[in-house]
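Each chain is listed here by its residues.
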Amino acid sequence: MPATRLTLICHAATASQKLGRFADDESVSMDWQNAALSLAGRYQKNLRLVCGPEARTRQTAELFGADAHVEDALRDADLGAWKGQAINQLDSAALMAWATDSTSTPHGGESVEQVCARVGQWLQSLETQPGHVLAITHPLVIRAALLYVMQFPVSMFYRIDIEPLSATELRFNTVWRLRLETHA
């Protein structure tokens, strides 16, 4: 069976990220024309383009093509009452609980464990779908995918940094692998 290639692209930066706030459904803040020119042709044309449902992922997907399919499994973590809130103004004990207990939901939304389970199920569904999937999503979703593929414990979740517009390459051919590439 041919291999599955999955390229996870983190959405472009948003004003909330730059201000140290948890995301809401905001747009990206970037120079669209230059970004589109720099990313044009980076990936082959015969791929499946998918993205999360939020404005920032849909807008970023437009840099790679006009026909992105919205995939609910790629949605950002539901941060409940923390959406749009400044991180440094949240209750520090609640924030620490969320960062150290993968089942914690002090914000009333989704736990890290729930995000990891959702993303793991989606990755399993790709194992029987050969070809290249280009997925525009969020840092927390990409972290969850890396935990699944590398079989890391959930305690490693916060030790992975995902930059805006970064690409993470995964391949499946009987087993998932992380592939590091150079783009010279």
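Residues numbered from 1 in each chain as written. Predicted model: local features only at pLDDT ≥ 70, side-chain atom pairs only at ≥ 80, totals over all residues. Heavy atoms only, no water.

Q: Sorry, what's going on with the pairing of strand 5 (residues 167-172) here?
A: Taken residue by residue, a regular strand's side chains alternate between the two faces of the sheet. With 6 bridges joining them, strand 1 (residues 4-10) and strand 5 adopt antiparallel strand pairing. Along strand 5, the bridge assignment pairs Arg 5 with Arg 171. Both strand 5 and strand 6 (residues 176-179) contribute to a ladder of 4 bridges, which runs antiparallel. Residue Phe 172 lies in a different strand from strand 6, and its bridge partner there is Trp 176. In sequence, strand 5 turns back onto strand 6 through a hairpin of 3 residues, with Thr 174 there showing a positive phi of about 75 degrees. (Pairing = 2+ DSSP bridges. Helix = DSSP H or I, 4+ residues; strand = E, 2+ residues; numbered from the N terminus.)

Q: Got a minute to help me understand the pairing of strand 4 (residues 131-137) in this structure?
A: Here strand 4 lies mainly inside the structure; 6 of its 7 residues are buried. Note that strand 1 and strand 4 share 7 bridges and pair parallel. In the sheet register, Cys 10 faces strand 4, and the bridge partner there is Thr 137. Two strands pair when backbone bridges link them, and strand 2 (residues 48-51) and strand 4 are joined in this way by 4 bridges, in the parallel orientation. The partner of Arg 48 across the bridge, within strand 4, is Val 133. (Buried < 20%, exposed > 50% of the residue type's maximum accessible area, 1.4 Å probe, protein only.)

Q: Help me out: how do you make sense of the sheet that holds strand 4 in this one?
A: Consider a sheet: its strands pair through backbone hydrogen bonds, and that pairing is either parallel or antiparallel. Read across the open sheet, the 6 strands follow the order 3-2-4-1-5-6; overall the sheet is mixed. Each edge of the open sheet is held by one strand with a lone partner, namely strand 3 (69-70) and strand 6. Across the face of the sheet, helix 5 (residues 112-126) comes into contact with strand 1, strand 2, strand 4 and strand 6 while running at roughly 145 degrees to strand 1. In the packing of helix 6 (residues 139-150) onto the sheet, contacts are made with strand 1, strand 4, strand 5 and strand 6, and the angle to strand 6 comes to roughly 120 degrees. (Contact = heavy atoms within 4.5 Å. Axes fitted to C-alpha atoms, helices over the stretch in contact; angles between N-to-C directions.)

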